[in-house]
Amino acid sequence: MNRKLLITYKSVTGFTKAYAEMIAQELSADCTLTDLKETTAEIMSGFDTVIFGGRMHAGTVDGLKKAKELFHQSRSRQFLVYATGAMPDNAKETVDQMWRMNLTSDELTEIPHFYMPGGLCYEKMPFLDKMMMKLFAASLKRKKNKTEYEEKSAEAISASYDISSRKYIMPLIAYLNADAGA
Ligand SMILES: Cc1cc2nc3c(=O)[nH]c(=O)nc-3n(C[C@H](O)[C@H](O)[C@H](O)COP(=O)(O)O)c2cc1C
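Every chain begins its residue count from 1, and numbering advances along the sequence as written. The predicted nature of this model means local features are confined to residues of pLDDT at least 70 and side-chain atom pairs, given and counted, to a pLDDT of 80 or more, with totals for whole chains, interfaces and linings taken over all residues. Excluded from the side-chain calculation are hydrogens and water; included are all heavy atoms of the structure.

A. Here's a closer look at the domain arrangement of the chain. An automatic or database domain assignment supplies the start and end points of every domain. Per the domain assignment, the segments of the chain are domain 1 (5-121 + 161-181) and domain 2 (122-159). A C-alpha centroid distance of 25 Å is found between domain 1 and domain 2. The contact criterion used throughout is that any non-hydrogen atoms of two residues lie within 4.5 Å. On the side of domain 2, twelve residues touch domain 1, which itself brings twelve residues to the contact. Buried area is calculated as the accessible area (1.4 Å probe) missing from two parts once they are joined, with the contributions of both summed. Contact between domain 1 and domain 2 buries roughly 920 Å² in total, counting both sides, with carbon and sulfur atoms accounting for 65%. In terms of surface lost to domain 2, no three residues of domain 1 exceed Leu120, Cys121 and Tyr161, which account for 53% of the buried area on that side. For Arg55, the salt bridge is made with Asp129, and the minimal N-O distance between the two is 2.9 Å. The class makeup of the residues in the side of domain 1 that touches domain 2 is eight nonpolar, three polar and one charged. By convention in these notes, a salt bridge is any Lys or Arg side-chain nitrogen within 4 Å of a carboxyl oxygen on Asp or Glu. Charged residues are taken to be Asp, Glu, Lys and Arg, nonpolar residues to be Ala, Val, Leu, Ile, Met, Phe, Trp, Tyr, Cys and Pro, and polar residues to be all remaining types, Gly included.

As structure tokens, then:
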């Protein structure tokens, strides 16, 4: 693959950054990693493809709006996005709903998008995030008539866990490889 790729990410506790590193390792050498904070439209213009990775934050892909704006100001030609979150891989309905909330109907077809399970890391979470999670966990615990999924989630989110795995980057890698061969 000889196109130039930029992976830019917004990561607070490290899951999204770790996935960016895994993707870079799996792809050819012509791959650069940057934190979204340090990324400009000028930087993006030096790459054929931009991959943005963001964490889920109360239903929103954190940083996606900014990444899209920079991409549109840049001369880069292709934009992909992956999101990491606390949801497991099999929460397909919730994941699909999340994408419908974060991408317009045109973007849903134009922007290849991928979900990669991360987990929760209370040790590295900023104070406000920790408070938000604790409140959410408490309200879910109190909720009556929980579905099985809610029951499991309430249990899981009360402590840190890591469900990330290299296998979750493979659909994105396969997409890029197929696209390069097309
Ligand atoms: C305040 C807060 C809200 C979150 N909201 C969601 C959410 O809506 N959906 C989800 O799947 N995960 C949610 N998460 C979990 C994070 O998306 C998950 O831990 C992510 O992998 C963190 O990425 P990072 O380590 O790169 O910061 C939330 C986490 C926090 C702290």
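Moving on from the model shown.
B. Seen up close, the site of the ligand. In the vicinity of the ligand, 22 residues are found, and the nearest of them are Ser11, Thr13, Thr16, Met56 and Gly119. The backbone of Val12 places a nitrogen or oxygen atom 2.7 Å from an oxygen atom of the ligand. Polar contacts, as used here, are pairs of N or O atoms within 3.5 Å; protein pairs need one atom able to donate a hydrogen and one able to accept it. Residues neighboring in sequence count only if both atoms are side-chain atoms. At 2.5 Å from an oxygen atom of the ligand is found a side-chain nitrogen or oxygen belonging to Thr16. Coverage of the ligand by the protein amounts to 91% of the 650 Å² it exposes when considered alone. Put simply, the parts of the chain that give the shell around the ligand at least two residues each are helix H1 (15-26), strand S3 (49-57), strand S5 (78-85), strand S7 (119-120) and helix H6 (127-142). Here the residues of the shell around the ligand sort into ten nonpolar, ten polar and two charged. When residues of the shell around the ligand are sorted by domain, at least three fall in each of domain 1 (5-121 + 161-181) and domain 2 (122-159). We call a residue near a molecule or strand when any one of its heavy atoms sits within 4 Å of it. Reported accessibility uses the Shrake-Rupley method at a 1.4 Å probe radius. Residues are deemed covered only where the shown protein chains occlude them. Here a helix means four or more residues in a row that DSSP labels H or I, a strand means two or more in a row labelled E, and each is numbered from the N terminus.

C. Highlighting a nonpolar patch on the surface. Together, Phe127, Leu128 and Met131 line one region of the surface with nonpolar side chains, adding up to about 350 Å² of accessible area. Here Met131 shows up in helix H6. Note that patches include only residues with greater than 30% relative accessible area and no salt bridge, and the join distances are 9 Å for like charges and 5 Å for nonpolar side chains (Val, Leu, Ile, Met, Phe, Trp, Tyr).

D. Representation of H6. Residue count minus one, scaled by 1.5 Å, sets the expected span of a helix. With 16 residues, H6 should reach 22 Å at 1.5 Å per residue; the first-to-last C-alpha distance of 23 Å fits that figure. Only protein chains enter the calculation, and the probe is 1.4 Å; a residue is then buried if its accessible area is under 20% of its type maximum, exposed if over 50%, and partly exposed in between. Every buried residue of H6 is listed here: Asp129, Met133, Ala137 and Leu140. Taken around the axis of H6, the buried residues stretch over an arc of 70°, which confines them to a single face. Away from its buried face by more than 90 degrees, H6 exposes Phe127, Leu128, Leu135 and Arg142. Picture the helix axis, draw a direction to every C-beta atom, and the arc is the one those directions span.

E. Spatial organisation of the environment of Asp179. Secondary-structure assignment places Asp179 in helix H8 (residues 170-181). Sequence separation of Asp179 and Gln78 is 101 residues, and the distance between their C-alpha atoms is 11 Å. Ignoring anything within four residues of it in the chain, the contact list for Asp179 reads Arg3 and Gln78. For Asp179, the side chain forms a polar contact with the side chain of Arg3, separated by 3.1 Å.

F. Looking closely at helix H3 (residues 64-73). Of the residues making up H3, those classed as buried are Leu64, Ala67, Lys68, Leu70 and Phe71. What you see down the axis of H3 is that its buried residues fit within an arc of 165°, all on one side. Every exposed residue of H3 that faces more than 90 degrees away from the buried side is listed here: Lys65, His72 and Gln73.

G. Spotlight on the pairing of S5. Of all eight residues in S5, eight are buried; the element is thus mostly enclosed. Here S5 shows a buried face lined by Gln78, Leu80, Tyr82 and Thr84 and a second buried face lined by Phe79, Val81, Ala83 and Gly85. Pairing geometry for S5 and strand S6 (residues 113-117), over five bridges, is parallel. Considered in S6, the bridge of Thr84 is made with Met116. By the convention used here, strands pair only if DSSP detects at least 2 bridges between them.

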